[in-house]
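A closer look at the structure
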2 protein chains.
Amino acid sequence: MVRFAVVGHRARTTGDFSLNDLPGGAGRMDVLCRCVNSAFFLSHDIRRDVECILVLLGEPDPPKTILFRGDELRYLSPDERSAASLIKKALNIPCGSEYRESTKGVYVRKGGLAELLGEHEFVQLDEGGADVRELEALPDAWLLSDHMDFTAEEAELAADLARISVGPRILHADHTITVVLNEIDRSEC
Amino acid sequence: MVRFAVVGHRARTTGDFSLNDLPGGAGRMDVLCRCVNSAFFLSHDIRRDVECILVLLGEPDPPKTILFRGDELRYLSPDERSAASLIKKALNIPCGSEYRESTKGVYVRKGGLAELLGEHEFVQLDEGGADVRELEALPDAWLLSDHMDFTAEEAELAADLARISVGPRILHADHTITVVLNEIDRSEC
């Protein structure tokens, strides 16, 4: 199982946002939706061995975590609105500190980065890190930020994580996921 | 200058589609919008040395070609609706066989793949092609299809193009562009 976790610093934490304004009112939810797309879609197929975890830190009820499981996922299309619609449904149900399923393969809970980092051995995608092509073995849990840098508090939580880079340019989170998966595909086939 | 051309087999050729239904009424315009995103966006920057060319073959007025020039582009945000809005504006102006600017850095003309293939020396992205990592020099014009295969007629037009693959799995067009650009970034830096 390969996991990608993306921190959405301003992503709305209730489902009362408009699908017509994902960058604005939903707090750059478009970034997270594209990460979901990159994590799962192959040509006419879904990556069943991937999980995509979104950490939502925007108003009014942060932190919340949404988990997409490729092996159970249904109803996801490649467009941003489709992922946003599943996120909206997840945010519309009450939840506590345990994951609760909102639609097939999508789960939501209260909690954020601190909880997540205790559950999997993440590496952090970082432009100053070691080149992913030079690694002896590819990690299976990857932490990314959205369009904003990690805060000082998040950086402290992640201080001990190994840093990995995907190349000489700084890419959007969803593009980074695509490049990592290409590397994993090449290592497996 | 690096060029990506993407054929949208069902993409609407007038601007009368809804931004709320890019996969449906607009003829999988969401695929083309994500290709525009992949072609241009870096973290807090735009790739000025890229052109993205969309060949639209859907009803009611095919073929049309829309050209996005990174060195002139304005008003483009990363979300699908933003690219779709610029495409809509391009399709809303009358055009002939010469490119006509619709918004800053975006051009539209009548014409399709046959015209385009005479203008640049394209290679075709194809899962059966040579591995992009094994090439001595990277091409600068890349032809892709949307979610559909090239038609027999298009395949004949493209019969002489070199075939390049980006890895062992068959990827969406926008993900393929991301992987190609990562390869180009690595070759340049």
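Preceding block: the structure.
One structure accompanies this document, and this report is about it. (Residues numbered from 1 in each chain as written. Chains lettered and ligands numbered in written order. Predicted model: local features only at pLDDT ≥ 70, side-chain atom pairs only at ≥ 80, totals over all residues. Heavy atoms only, no water.)

Here we look at the overall build of chain A
A tally of helices and strands in chain A yields five helices and 10 strands. Computed over the C-alpha atoms, the radius of gyration of chain A is 15 Å, within 12% of the 16 Å expected from 2.2 N^0.38 for a compact globule of 189 residues. Overall, chain A is about 45 × 40 × 30 Å in size when its C-alpha atoms are taken along their principal axes. In chain A, buried positions account for 58% of the 189 residues. Restricting the contact set of chain A to residue pairs at least 6 apart, pairs at least 24 apart contribute 66%. Split by element, the accessible area of chain A, about 7600 Å² in all, is 45% carbon and sulfur. Distance from the positive charge centre (21 side chains) to the negative charge centre (33 side chains) of chain A: 7 Å. (Helix = DSSP H or I, 4+ residues; strand = E, 2+ residues; numbered from the N terminus. Rg over C-alpha atoms; globule rule 2.2 N^0.38 Å. Buried < 20%, exposed > 50% of the residue type's maximum accessible area, 1.4 Å probe, protein only. Contact = heavy atoms within 4.5 Å. Areas by Shrake-Rupley, 256 points an atom, 1.4 Å probe, with all protein chains shown as cover. Lys, Arg positive; Asp, Glu negative; His and termini not counted. Charge placed at Lys NZ, Arg CZ, Asp CG, Glu CD.)

Brief notes about the relation of the copies chain A and chain B
For the pair chain A and chain B, the relating rotation is 180°, the translation along its axis is 0.0 Å, and the fit reaches an RMSD of 0.0 Å. In short, the pair behaves as if placed about a two-fold rotation axis. Minimal C-alpha distance to the rotation axis in chain A is attained by A:Val179, lying at 2.9 Å. When the interface residues of chain A are mapped onto chain B, 100% of them again lie at the interface, so the same face is used by both copies. (Least-squares fit on C-alpha atoms with pLDDT ≥ 70 in both.)

Re the pairing of strand S8 (residues 123-131) of chain A
Successive side chains on a regular strand alternate, one facing one side of the sheet and the next facing the other. Residues and elements named next belong to chain A. Across two bridges, the pairing between S8 and strand S9 (residues 141-145) is parallel. Looking across to S9, one finds that Val123 is bridged to Trp142. The sheet contact formed by S8 and strand S10 (residues 163-165) spans four bridges and is parallel. Each bridged residue has a counterpart across the sheet, and for Leu125 the counterpart in S10 is Ile164. (Pairing = 2+ DSSP bridges.)

So, the nonpolar core
In terms of nonpolar packing, the biggest core is built from 50 residues, with A:Met29 and A:Phe68 touching the most fellow members. With seven residues, the top contributor of residues to this core is helix H1 (residues 29-40) of chain A. B:Leu19, B:Leu91, B:Val132 and B:Ile184 belong to the second largest nonpolar core, which has 49 residues in total. (Core = buried A, V, L, I, M, F, W, Y, C linked by side-chain atoms within 4.5 Å.)

What to know about the sheet that holds strand S5 (residues 64-69) of chain A
Residue and element names in this part refer to chain A. Strand order in the open sheet made by the eight strands is S6-S7-S5-S4-S1-S9-S8-S10, with mixed pairing throughout. Each edge of the sheet is formed by a strand with only one pairing partner; in this case those strands are strand S6 (100-103) and S10. Looking at each pair of strands side by side, their axes are set apart by 35° on average, direction ignored. By the bridge criterion, three bridges tie S6 to strand S7 (residues 106-110) in an arrangement that is antiparallel. Residue pairing across strands places Glu101 opposite Tyr107, the latter belonging to S7. Across the sheet, helix H2 (residues 80-91) lies against strand S4 (50-56), S5, S6 and S7, angled at about 130° from S5, the strand it touches most. (Axes fitted to C-alpha atoms, helices over the stretch in contact; angles between N-to-C directions.)

Some details on the interface of chain A and chain B
In this assembly, 37 residues from chain A lie in contact with 37 residues from chain B. Roughly 3400 Å² of surface becomes buried between chain A and chain B when both sides are summed, with 50% attributable to carbon and sulfur atoms. Looking only at chain A, the three residues that lose the most surface to chain B are A:Arg133, A:Arg169 and A:Arg186, adding up to 20% of its buried area. Our count for the chain A to chain B interface comes out at four salt bridges. With a closest N to O distance of 2.6 Å, B:Glu183 and A:Arg133 form a salt bridge. (Buried area = accessible area lost by both parts, 1.4 Å probe. Salt bridge = Lys/Arg side-chain N within 4 Å of Asp/Glu carboxyl O.)

Examining the packing of helix H5 (residues 173-188) of chain A against helix H5 (residues 173-188) of chain B
Where H5(A) contacts H5(B), the axes come no closer than 9 Å and their chain directions differ by 80°. In terms of their interaxial angle, H5(A) and H5(B) are classed as roughly perpendicular. Here H5(A) contributes A:His175, A:Thr178, A:Val179 and A:Asn182 to the contact with H5(B), which in turn contributes B:His175, B:Thr178, B:Val179 and B:Asn182. Here the contact of H5(A) with H5(B) is built from residues that sort into two nonpolar, six polar and no charged. (Parallel < 35°, antiparallel > 145°, perpendicular 65-115°, else oblique. Nonpolar A, V, L, I, M, F, W, Y, C, P; charged D, E, K, R; others polar.)

Regarding the packing of aromatic side chains
Applying the stated criterion across every chain, the model contains five aromatic pairs over all chains. Here the aromatic rings of B:Phe40 and B:Phe68 are separated by 6.5 Å at their centres, their planes lie at 45°, and the arrangement is tilted. Here the residue B:Phe40 occupies a position in helix H1 (residues 29-40), and B:Phe68 occupies one in strand S5 (residues 64-69), the gap between them amounting to 28 residues. The ring of A:Phe17 carries the charged tip of A:Lys88 above its face, separated from the ring centre by 5.1 Å. (Phe/Tyr/Trp six-rings, centres within 6.5 Å; stacked < 30°, edge-to-face > 60°. Lys NZ or Arg CZ within 6 Å of the ring centre and 35° of its normal.)

Let's talk about H5(A)
Over its 16 residues, H5(A) extends 23 Å from the first C-alpha to the last, a length consistent with the 22 Å expected when each residue adds 1.5 Å. In terms of burial, H5(A) is a largely internal element, 14 of the 16 residues being buried. (Expected span 1.5 Å × (residues − 1).)

A word on the sheet that holds S5(B)
Residues and elements named next belong to chain B. With respect to topology, eight strands assemble into an open sheet ordered S6-S7-S5-S4-S1-S9-S8-S10, the strand pairing being mixed. In this open sheet, the two strands that pair with only one neighbour each are strand S6 (100-103) and strand S10 (163-165). Going across the sheet, the axis of each strand differs from the next one's by a mean of 35°, ignoring polarity. Sitting on the sheet, H1 is in contact with strand S1 (2-8), strand S4 (50-56) and S5, with an inclination near 170° to S4.

Concerning H1(B)
The periodicity of an α-helix, 3.6 residues per turn, causes residues three or four places apart in sequence to face the same way. Residues and elements named next belong to chain B. Here H1 spans 17 Å end to end across 12 residues, near enough to the 16 Å set by a 1.5 Å rise per residue. Counting buried positions along H1 gives 12 out of 12 residues, so the element sits mostly inside the fold. Listed as buried for H1 are Met29, Asp30, Val31, Leu32, Cys33, Arg34, Cys35, Val36, Asn37, Ser38, Ala39 and Phe40.

Scope: geometric values only; no functional claims are made or implied.
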